[in-house]
Amino acid sequence: MTPAASSSSAAGGPVWARDFVLLSAIWGASFMFMDLAAVEFGAVPTAAVRVSIAALFLLPLLLKRGLGPQLLQHWKPVFLVGLLNSGIPFALYCFALLTISTGLSAILNATAPLFGAAVAWLWLKDRLSASRTLGLLIGLSGVALLVWNKADGGPNPAGASSRANLLAIGACLLACLCYGTAASFTKRYLTGLPPLLTAAGSQLGAALGLALPALWLWPAHMPGARSWLSLLALGVLCTGLAYILFFRLIEHAGPARALAVTFVVPVFAVLYGVAFLDEHVTLWMALCAAVIVCGTALSTGLLKLGRRNRLPASH
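On a predicted model such as this, the values are computed, not experimentally measured, just so you know.

**Some words on the overall build of the protein**
- Within the protein one finds 13 helices and zero strands.
- Starting at the N terminus and ending at the C terminus, the protein contains elements arranged as α-α-α-α-α-α-α-α-α-α-α-α-α.
- When each of the 315 residues of the protein is scored for burial, the buried share is 49%.
- Excluding contacts between residues fewer than 6 apart, the proportion of contacts in the protein whose partners are at least 24 apart in sequence is 87%.
- A total of about 15,600 Å² of accessible surface is found on the protein, and carbon and sulfur atoms cover 69% of it.

**Brief notes about the layout of surface pockets**
- Volume-wise, the largest pocket comes out at about 1,900 Å³.
- Residue lining of the largest pocket: 49 residues in total, with Y179, A183, F246, I250 and L259 positioned closest to the centre.
- If you list the elements that add at least two residues to the lining of the largest pocket, you get α1 (3-41), α4 (75-97), α6 (112-123), α8 (162-189), α9 (195-216), α10 (225-253), α11 (255-259) and α12 (261-276).
- When its residues are assigned to classes, the lining of the largest pocket shows 30 nonpolar, 14 polar and five charged.

**Description of the environment of A290**
- Along the chain, the position of A290 falls in helix α13 (residues 283-299).
- Linking A290 and G142, residues 148 residues apart in sequence, is a C-alpha distance of 8.1 Å.

**Details of the pattern of salt bridges**
- Within the structure shown, the criterion is met by two salt bridges.
- Between R18 and D19 there is a salt bridge, with the nearest N and O atoms lying 3.9 Å from each other.
- On the basis of relative accessible area, D19 is assigned to the buried category, the value being 1%.

**Focus: the packing of aromatic side chains**
- For the structure shown, the criterion picks out 12 aromatic pairs.
- On the basis of an interplanar angle of 40 degrees and a centroid distance of 6.5 Å, the ring pair of W123 and F185 is categorised as tilted. One end of the pair, W123, is in helix α6; the other, F185, is in helix α8, and 62 residues separate them in sequence.
- By relative accessible area, F185 is classed as buried at 10%.
- Pairwise contacts between aromatic rings join F41, W218 and W228 into one cluster.
- Over the ring of F90 we find R50; its NZ or CZ atom is 3.7 Å from the centre of that ring.

**Quick word on the side chain of T296**
- Secondary-structure assignment places T296 in helix α13.
- Apart from residues lying up to four places away in sequence, T296 is in contact with A110, T111, P113, L114, G135 and F263.

**Details of the environment of V147**
- Position of V147 relative to the elements: it lies in helix α7 (residues 130-151).
- With residues up to four places along the chain from it excluded, the contact list for V147 reads L166 and I169.

**Re unusual backbone geometry**
- At K125, a residue that is not glycine, the phi angle is positive and equals roughly 60 degrees.
- Summarising the element assignment, K125 is placed in the loop between α6 and α7.
- Classification of K125 by relative accessible area gives exposed; the value is 66%.
- Of note, D278 is a non-glycine position whose phi angle comes to about 60 degrees, a positive value.

**A closer look at the nonpolar core**
- Ranked by internal contacts, the top residues of the largest apolar core, which has 69 residues, are Y93, L108 and L146.
- Top contributing element to this core by residue count: α1, with 13 residues.
- By size, the runner-up hydrophobic cluster in this structure holds 19 residues, among which are L59, L190, L196 and L197.

**Brief notes about a nonpolar patch on the surface**
- On the surface, V39, F95, L98 and L167 cluster together to form a nonpolar patch covering roughly 380 Å² of accessible area.
- By secondary structure assignment, the location of L167 is in helix α8.

**Here we look at the packing of helix α5 (residues 102-109) against α13**
- Where α5 contacts α13, the axes come no closer than 9 Å and their chain directions differ by 15 degrees. Here α5 is positioned roughly parallel relative to α13, judged by the angle of their axes. The hand of the α5/α13 crossing is left-handed. Together, G103, L104 and I107 of α5 and M285, A289 and I292 of α13 make up the contact between the two elements.
- In terms of residue class, the contact of α5 with α13 is built from five nonpolar, one polar and no charged.

What counts, and at which threshold
- Residues numbered from 1 in each chain as written.
- Predicted model: local features only at pLDDT ≥ 70, side-chain atom pairs only at ≥ 80, totals over all residues.
- Heavy atoms only, no water.
- Helix = DSSP H or I, 4+ residues; strand = E, 2+ residues; numbered from the N terminus.
- Buried < 20%, exposed > 50% of the residue type's maximum accessible area, 1.4 Å probe, protein only.
- Contact = heavy atoms within 4.5 Å.
- Areas by Shrake-Rupley, 256 points an atom, 1.4 Å probe, with all protein chains shown as cover.
- 1 Å grid on protein atoms, 1.4 Å probe; cavity = no way out; pocket = protein on both sides within 12 Å on 5 of 7 lines; lining within 4 Å.
- Points joined across faces, edges and corners; volume = space filled by probe spheres on them.
- Nonpolar A, V, L, I, M, F, W, Y, C, P; charged D, E, K, R; others polar.
- Salt bridge = Lys/Arg side-chain N within 4 Å of Asp/Glu carboxyl O.
- Phe/Tyr/Trp six-rings, centres within 6.5 Å; stacked < 30°, edge-to-face > 60°.
- Lys NZ or Arg CZ within 6 Å of the ring centre and 35° of its normal.
- Core = buried A, V, L, I, M, F, W, Y, C linked by side-chain atoms within 4.5 Å.
- Patch = residues over 30% accessible without salt bridge, like charges linked within 9 Å, V, L, I, M, F, W, Y side chains within 5 Å.
- Axes fitted to C-alpha atoms, helices over the stretch in contact; angles between N-to-C directions.
- Parallel < 35°, antiparallel > 145°, perpendicular 65-115°, else oblique.
- Left-handed = near helix turned anticlockwise from the far one by under 90°.

The analysis is restricted to geometry; functional conclusions fall outside its scope.
The structure is reproduced here in structure tokens:
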């Protein structure tokens, strides 16, 4: 490595580390804002307004860079990935947060890379090593332990029934399955497109897809200022700005480090829930979270067991 390259790496380190922490904190806050907004707006309208605000934030940036013609050329797959990666998952999480805590939903969100690895294996024939297969099993075991605790009447701040808990947990896991499917879909059909195009176009597609259901389910009474401010924070901060940070993190730190954000998000979500929503974290939740994170790290290849000497992969 030349002195210039070394200096560049040294200078770039703090930059991506700062983005990493900031993105984790922002996405951790999204669960709190969804919780605050969904109480008055409902699940689908909350998701619809969130992606609409994000689209309005990102589209001017897309047009300024002259990416409009490319969006028109690829609008079908981009819009579809918007529904899979934003519209449907956001609505599912808003539905879940009407019942379970933000901390629990964020812990379940950490399984998204786990589902991504499983979908890539089934759809794209992405080979799973023994270490990654073990990770899938460990991660699913952590989820099963969480589900068993809630089905058995585990503590819940909303005092919901076991059936309501299971429906909420199922909604979170279905959202993570959507994330995993969207990742493989993007890899297969959208590779090579500018990240800003995918980000802005997907939010526009999600907004269009949720428009009619949101109008149908729009609340009869106008929500208060706190709910509107929460939606504004969701759209601009937790979606629009977060996408920019995420893609910048991929560029500066690589996809592996960017993926690790998923493991830190629950920490911030739990802290926000305890500080601002008077939520409580049980030891069981913490233990299950540790199992899920370890399994996910193994299943995605971020953590490997039994290293062997192999030819280095080309980049």
